[in-house]
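Spelled out from the first residue to the last, the chains are:
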Amino acid sequence: MKETGVYPQMIFVDSHCHIDGAEFDADREEVIQRANDAGVKFMLNVGTGEPDSGNFERAVSLAEKHENIFASVGVHPHDAKTFDTEAEKRLVNLAKSSEKVIAWGEIGLDFYYDHSPREVQEEVFKRQIRIAQELNLPIIIHSRDADDKTVEILMQEYSQDNFRGGIMHCFGGSAEMARELMNIGFLISFAGNVTFKKAENLRDAARAVPLEKLLIETDCPYLAPVPMRGKRNEPSFVIHTAKFLAEFYRIGLEELAGQTTRNFLDFFKINLATEFTESNEKVKTG
Ligand SMILES: [Zn+2]
Ligand SMILES: [Zn+2]
């Protein structure tokens, strides 16, 4: 295979990106085009920021505008202190307003930055898990320096009805944590940092994740994978992470692309209305 970095015959998914943000204001459409050209045919754009920032509305309208972009809404642990009943109403209505909103998140705990008090983060995390259940949406989890607490809360909520599982995004936990979460319906998504030289702990965890539970993401604009490290990240770069993981698992890139794409489409019950080809990209949410 020629190493062009472009694989139009394969289909990749970037399961977690933030291309609605200001970092992409100057060239958003080109970034999306580059992703499409590279074979990254599906993107889940995760809305973040304060609930009344307008960010979430922007994320959803971006998804409405592009057939192959989906959106999620939910309050990040950084902004947990801004979550109140007003915010809840606003985001629930937004989620209900579009079929392109396929998940609630990112939600969770971030005890590394502590931008919101920990008790507030925990309370808002639990509340949002319930909201997702009421809306019958999977959740996207962000956990940093808070893995024990994250697992504890998820285990509690798992016993509730209607728990649909979700995606553990930018996974940075242990193999043990990955196993526990896979058992209660989570897919494990690796970002560009799995390619970093010193990320042996992430690769230890990746060894515990079978292909059927694996997703790949950019989390762009952050965490560009090697060899793009340090640059602004974008969805087309997810292919570098895919290549790295394919080598790591000792499988072909085609297999890794195919399986992670299937995992994503199956998990979110996204039906391809027609055979997927370059010229015919009809996608229907189911
Ligand atoms: Zn995150
Ligand atoms: Zn994110």
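Source: prediction; values computed, not measured.

Engineer: How would you summarise the overall build of the protein if you had to cite specific residues and measurements?
Structural biologist: Check the secondary structure of the protein and you find nine helices and 10 strands. In terms of overall dimensions, the protein has C-alpha extents of about 50 × 40 × 35 Å along its principal axes. Looking at the protein residue by residue over its 286 residues, the buried ones come to 58%. Carbon and sulfur atoms provide 47% of the accessible area of the protein, an area that totals close to 12600 Å².

Engineer: Outline the sheet that holds strand β6 (residues 166-168), supporting the account with residue identities and numerical values.
Structural biologist: Across the sheet, eight strands lie side by side as β1-β2-β3-β4-β5-β6-β7-β8; this open sheet has parallel pairing. Two strands close off the open sheet at either side, each with one partner strand: β1 (12-17) and β8 (214-216). When strand polarity is set aside, the average angle formed by the axes of neighbouring strands in this sheet is 25°. Of the pairings in the sheet, the one linking β6 to strand β7 (residues 186-190) comprises three bridges and is parallel in character. Across the sheet, Gly166 pairs through a bridge with Phe186, a residue of β7. Across the sheet, helix α2 (residues 55-65) lies against β2 (40-46), β3 (69-73) and β4 (101-110), angled at about 155° from β3, the strand it touches most. Against the sheet, helix α3 (residues 85-97) contacts β3 and β4, and its axis sits at roughly 145° relative to β4.

Engineer: Account for helix α6 (residues 175-183), naming residues and giving values.
Structural biologist: Given 3.6 residues per turn, any residue in an α-helix points the same way as the ones three and four places further on. Along α6, the residues classified as buried are Ala175, Met177, Ala178, Leu181 and Met182. Looking straight down α6, one finds its buried side chains confined to an arc of 160°; they lie on one side. Of the exposed residues in α6, those oriented more than 90 degrees away from the buried face are Glu176 and Asn183. In the core, the buried residues of α6 are packed alongside β5 (139-144), α5 (147-158), β6, β7 and α7 (200-207).

Engineer: Break down the coordination of the zinc ion (ligand 1) for me, with residues and values.
Structural biologist: Within the protein, Glu106 (OE), His142 (ND1) and His169 (NE2) serve as the donor atoms for the zinc ion (ligand 1), at 2.0 to 2.1 Å. Expressed as a motif, the donor residue spacing for the zinc ion (ligand 1) is E-x35-H-x26-H. In this structure the zinc ion (ligand 2) is found 3.4 Å away from the zinc ion (ligand 1), and Glu106 serves as a bridging donor for the pair. Residue Glu106 is found in strand β4, and its partner His169 is found in the loop between β6 and α6; the two are separated by 63 residues along the sequence. His169 carries the same exposure label as Glu106, and that label is buried.

Engineer: Which residues make up the environment of Leu181, and what values do they have?
Structural biologist: Inspection of the secondary structure assignment puts Leu181 in helix α6. Accessibility expressed as a relative area gives 0% for Leu181, which makes it buried. For the pair formed by Leu181 and Gly166, sequence separation is 15 residues and the distance between their alpha carbons is 9.3 Å. In this structure Leu181 touches Leu154, Met168, Phe186 and Ile188, once residues within four positions along its chain are discounted.

Engineer: Just give me the short version of the coordination of the zinc ion (ligand 2), but keep the residues and values in it.
Structural biologist: Within the protein, His16 (NE2), His18 (NE2), Glu106 (OE) and Asp219 (OD) serve as the donor atoms for the zinc ion (ligand 2), at 2.1 to 2.6 Å. Donor residues for the zinc ion (ligand 2) sit on one chain with the sequence pattern H-x1-H-x87-E-x112-D.

Engineer: A description of the nonpolar core should follow, citing residues and the corresponding values.
Structural biologist: Core analysis: the largest hydrophobic core is formed by 74 residues, its most contacted members being Phe12, Ile19, Trp104, Ile139 and Leu154. Looking at this core element by element, the count peaks at six residues for helix α8 (residues 238-249). Dropping the residues within four chain positions of it, Ile139 is found in contact with Trp104, Ile107, Ile129, Ala132, Leu154, Phe163, Gly165, Gly166, Ile167 and Phe186. In this structure, Val13, Phe70, Ile102 and Ile140 belong to the second largest nonpolar core, which totals 16 residues.

Engineer: I'd love a proper account of the packing of α7 against α8, names of residues and values included.
Structural biologist: Running from N to C, α7 and α8 point in directions that differ by 60°, and their axes come no closer than 11 Å. Read as a crossing pair, α7 and α8 show a hand that is right-handed. Contacts from Arg203, Ala206 and Arg207 in α7 reach Phe244, Phe248 and Tyr249 in α8. Taken together, the residues of the contact of α7 with α8 break down into four nonpolar, no polar and two charged.

Conventions used here
- Residues numbered from 1 in each chain as written.
- Chains lettered and ligands numbered in written order.
- Predicted model: local features only at pLDDT ≥ 70, side-chain atom pairs only at ≥ 80, totals over all residues.
- Heavy atoms only, no water.
- Helix = DSSP H or I, 4+ residues; strand = E, 2+ residues; numbered from the N terminus.
- Buried < 20%, exposed > 50% of the residue type's maximum accessible area, 1.4 Å probe, protein only.
- Areas by Shrake-Rupley, 256 points an atom, 1.4 Å probe, with all protein chains shown as cover.
- Pairing = 2+ DSSP bridges.
- Axes fitted to C-alpha atoms, helices over the stretch in contact; angles between N-to-C directions.
- Contact = heavy atoms within 4.5 Å.
- Arc of directions from axis to C-beta.
- Donors = N, O, S within 2.8 Å, 3.2 Å for Na, K, Ca; no water.
- Core = buried A, V, L, I, M, F, W, Y, C linked by side-chain atoms within 4.5 Å.
- Left-handed = near helix turned anticlockwise from the far one by under 90°.
- Nonpolar A, V, L, I, M, F, W, Y, C, P; charged D, E, K, R; others polar.

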